[in-house]
Amino acid sequence: MTQINENYLKLKAGYLFPEIGRRVKAYSDANQSAKIIRLGIGDVTLPLAPTIVNAMVDAAKEMGSSAGFHGYGPEQGYSFLIQKIIAHDYTARGVQIAEDEVFVSDGSKCDCGNIQEIFSLDSKIAVVDPVYPVYVDTNVMAGRTGEVGADGRYANIIYMPATEENNFEPDFPKEKPDIIYLCYPNNPTGMVATKARLTEWVNFAKKMGSIILYDSAYESFIQDPAIPKSIYEIPGAKEVAMEFRSFSKTAGFTGTRCAYLVIPKDLKGKTKAGEEISFNSLWNRRHTTKFNGVSYVTQKGAEAIFSAQGQVEIKEQISYYMQNAKLIREGLATAGYTVFGGTNAPYIWLKTPRGLKSWEFFDELLGKAQVVGTPGSGFGPAGEGYFRLSAFGKREDVISAIERIQKM
């Protein structure tokens, strides 16, 4: 028989979010009258903004005519979108990015998972713990790790704990990492990195010869103007960092699918023979081989995000979700919970009460309040004893959920 990729067998029993879905379904089947409020998975609930919808409708009509039809587009993305991305997200911040350094894709999750393909299997990765599971799981699948230990950590991964004790600011690894995954605003803790701290990370990467994979999918939720929205605001970052951006939460594209990855041409790695190679060229080769590009209609919708009216509309949506975050944060604090995040990110990170394990609190919250959240241990061993709630629900559901939790 054909042999399988046995690295998949190293993975823990199930991916976090399907396991949540399984438990919720089991509870729902047994309690069919229960009104379950879902504040677990970070999926948006507001509809696409009118300006985006209109742009996509117009683009679809174009596709229905001979003159306006578009077949295969450039795998890297249409220039009309990339130019808007650069002008709005980089040039406006004093950062110079070239068009061929931006790659439009169908989601940051895909990019974060696929990027590991252009690195040697000998590369050692470092992750903040707790961590977005995709970073770890895709490296396990590729064979870059050992088996998972009794402590929930995989061999050959450098874990950088981020807990209340260190103010969720992980220490630099003591051993040399080849690849460092950073996510700010952070998923799941909702914490942010200051300019001073990001500067330290950039300097550390330069000193160690490491590459930073910087996931800034939630940058649009930053409220504090002193907090960097791009790692490229830090001098020298283009020499050591790739940046992942997404329209999923920024503009409600979770189901529409559009994101982008920036890989500066200054970012280089070495062959075993010592030859320097641009990661930009490697990713371009991978991207054009395995991807046929985001649809024209979707990219026209994404372009509309950067119009004056589009900006007004998505900022209203971001404000709506951040008001939800404030309600959750303050409501939990009133109920006696210790809470973090929720001020520059749409996630609230709380300590589980009475020393409960994360999954124990999940079951209690579901059973007593019919509210669904995400167990912190699902993000890594350092997440044990914590729990994540998402601000992406509808306002009435958020208010109801907090009322239910306060009555527990």
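Residues numbered from 1 in each chain as written. Predicted model: local features only at pLDDT ≥ 70, side-chain atom pairs only at ≥ 80, totals over all residues. Heavy atoms only, no water.

Peer 1: What's the story with the overall build of the protein in this structure? I'm lost.
Peer 2: When helices and strands are counted, the protein shows eleven helices and 15 strands. The C-alpha atoms of the protein give a radius of gyration of 21 Å, which matches the 22 Å a tight globule of 408 residues would have. Oriented by its inertia axes, the alpha-carbon framework of the protein measures out at about 60 × 55 × 55 Å. The 408 residues of the protein split such that 54% are buried. Within the protein, counting contacts between residues at least 6 apart in sequence, those at least 24 apart form 73% of the total. With the model as given, the accessible surface of the protein reaches about 17700 Å², and the carbon-plus-sulfur share is 51%. Of note, the protein has its 45 positive side-chain charges centred 2 Å away from the centre of its 46 negative side-chain charges. (Helix = DSSP H or I, 4+ residues; strand = E, 2+ residues; numbered from the N terminus. Rg over C-alpha atoms; globule rule 2.2 N^0.38 Å. Buried < 20%, exposed > 50% of the residue type's maximum accessible area, 1.4 Å probe, protein only. Contact = heavy atoms within 4.5 Å. Areas by Shrake-Rupley, 256 points an atom, 1.4 Å probe, with all protein chains shown as cover. Lys, Arg positive; Asp, Glu negative; His and termini not counted. Charge placed at Lys NZ, Arg CZ, Asp CG, Glu CD.)

Peer 1: What should I look at first to understand the packing of aromatic side chains in this one?
Peer 2: Each aromatic ring pair is characterised by the separation of its centres together with the angle its planes make. Under the definition given, this model contains 25 aromatic pairs. When the centroid spacing of 5.0 Å and the interplanar angle of 50° are considered together, the rings of Phe 119 and Phe 279 count as tilted. A residue pair is termed long-range when its members are at least 10 positions apart, and Phe 119 in the loop between α4 (108-114) and β3 (125-129) and Phe 279 in helix α7 (residues 279-290) qualify at 160 residues. Take Phe 119 and Phe 279: they sit in the same class, and that class is buried. One Lys or Arg, Arg 153, reaches over the ring of Tyr 159 and ends 5.5 Å from the middle of that ring. (Phe/Tyr/Trp six-rings, centres within 6.5 Å; stacked < 30°, edge-to-face > 60°. Lys NZ or Arg CZ within 6 Å of the ring centre and 35° of its normal.)

Peer 1: Honestly, the UniProt feature "binding site: substrate" (unreviewed entry) in the protein in this entry has me stumped. Any pointers?
Peer 2: If you check UniProt for "binding site: substrate" (unreviewed entry), the listed places come out as Tyr 15, Gly 42, Lys 109, Tyr 132, Asn 187, Asn 292 and Arg 388 in our numbering. Lining the largest cavity, from this annotated set, are Tyr 132 and Asn 187. Here Asn 292 is to be found in the loop between α7 and α8 (296-305). With sequence-adjacent residues up to four places away left out, Asn 292 is seen in contact with Tyr 72, Gly 73 and Glu 75. Within the local environment of Arg 388, its side chain forms a polar contact with the backbone oxygen of Gly 40, the two atoms lying 2.7 Å apart. (UniProt positions renumbered as here; feature names shortened; annotations may be inferred. 1 Å grid on protein atoms, 1.4 Å probe; cavity = no way out; pocket = protein on both sides within 12 Å on 5 of 7 lines; lining within 4 Å. Polar contact = N/O pair within 3.5 Å; in protein donor to acceptor, adjacent residues only side chain to side chain.)

Peer 1: Help me out: how do you make sense of helix α1 (residues 16-30) in this one?
Peer 2: An α-helix turns once every 3.6 residues. As a result, residues three or four positions apart point the same way. Helix length check: α1, at 15 residues, gives a terminal C-alpha distance of 22 Å against a target of 21 Å (1.5 Å per residue), a fit within 8%. Within α1 the residues assigned to the buried category are Leu 16, Phe 17, Ile 20, Val 24 and Tyr 27. For α1, the angular spread of buried residues about the axis comes to 85°, placing them on one side. Across α1 from its buried face, at more than 90 degrees, point the exposed residues Lys 25 and Ala 30. Contact partners of the buried residues in α1: β1 (37-38), α5 (133-142), α10 (358-369), β13 (371-372), β14 (374-375) and β15 (386-390). (Expected span 1.5 Å × (residues − 1). Arc of directions from axis to C-beta.)

Peer 1: I keep staring at the UniProt feature "modified residue: N6-(pyridoxal phosphate)lysine" (unreviewed entry) in the protein and nothing clicks. Help me out?
Peer 2: Taken from the UniProt record, the annotation "modified residue: N6-(pyridoxal phosphate)lysine" (unreviewed entry) applies to Lys 249. Looking at the element boundaries, Lys 249 is found in the loop between β7 (241-246) and β8 (259-262). With near-sequence residues (within four places) excluded, Lys 249 lies in contact with Gly 42, Val 44, Tyr 218, Phe 221, Thr 254, Tyr 347 and Phe 392.

Peer 1: It is not clear to me how the sheet that holds β8 should be interpreted in this structure. Could you clarify?
Peer 2: Within a sheet, each strand pairs with its neighbour through backbone hydrogen bonds, oriented either parallel or antiparallel. Strand order in the open sheet formed by seven strands is β2-β8-β7-β6-β5-β3-β4, with mixed pairing between adjacent strands. Each edge of the sheet is formed by a strand with only one pairing partner; in this case those strands are β2 (102-105) and β4 (157-161). For this sheet, the mean inter-axis angle between neighbouring strands, taken without regard to orientation, is 20°. Bridge count between β3 and strand β5 (residues 179-183): three bridges; the pairing is parallel. Bridged to Ile 125 within β5 is Ile 179. (Pairing = 2+ DSSP bridges. Axes fitted to C-alpha atoms, helices over the stretch in contact; angles between N-to-C directions.)

Peer 1: Please clarify how unusual backbone geometry should be interpreted in this entry.
Peer 2: With glycine set apart, most residues show a phi of negative sign, and most peptide bonds adopt trans. With an omega dihedral of 15°, the bond running from Asp 129 to Pro 130 counts as a cis peptide bond. With respect to the secondary-structure elements, Pro 130 resides in the loop between β3 and α5. The peptide bond linking Asn 187 to Pro 188 adopts the cis configuration, its omega dihedral lying at 25°. The phi torsion at Arg 257 lies on the positive side, around 70°, for a residue other than glycine.

Peer 1: Help me understand the layout of surface pockets, please; the structure alone is not making it clear to me.
Peer 2: To locate leftover empty space, one rolls a probe as large as a water molecule over the atoms. In this structure, the second largest pocket occupies an estimated 520 Å³ of space. As for the second largest pocket, its lining consists of 23 residues, of which Gly 209, Lys 268, Gly 269, Lys 270 and Phe 279 are closest to the centre. Among the secondary structure elements, those contributing two or more residues to the lining of the second largest pocket are α6 (195-208), β9 (268-270), β10 (276-278) and α7. At three residues, β9 tops the list of elements feeding residues into the lining of the second largest pocket. (Points joined across faces, edges and corners; volume = space filled by probe spheres on them.)

Peer 1: Explain the sheet that holds strand β11 (residues 339-341) here, please?
Peer 2: With respect to topology, four strands assemble into an open sheet ordered β11-β12-β15-β14, the strand pairing being antiparallel. Here the strands that pair on one side only, and so sit at the sheet edges, are β11 and β14. By the bridge criterion, five bridges tie strand β12 (residues 347-351) to β15 in an arrangement that is antiparallel. Each bridged residue has a counterpart across the sheet, and for Trp 349 the counterpart in β15 is Arg 388.

Peer 1: Sorry if this is basic, but what is going on with the environment of Lys 229 here?
Peer 2: Following the sequence through the fold, Lys 229 ends up in the loop between β6 (211-215) and β7. Spatially, the C-alpha atom of Lys 229 lies 40 Å from that of Ser 65, the residues being 164 residues apart in sequence. With sequence-adjacent residues up to four places away left out, Lys 229 is seen in contact with Arg 93, Ser 216, Glu 219, Ser 220, Ile 222, Glu 243 and Arg 245.

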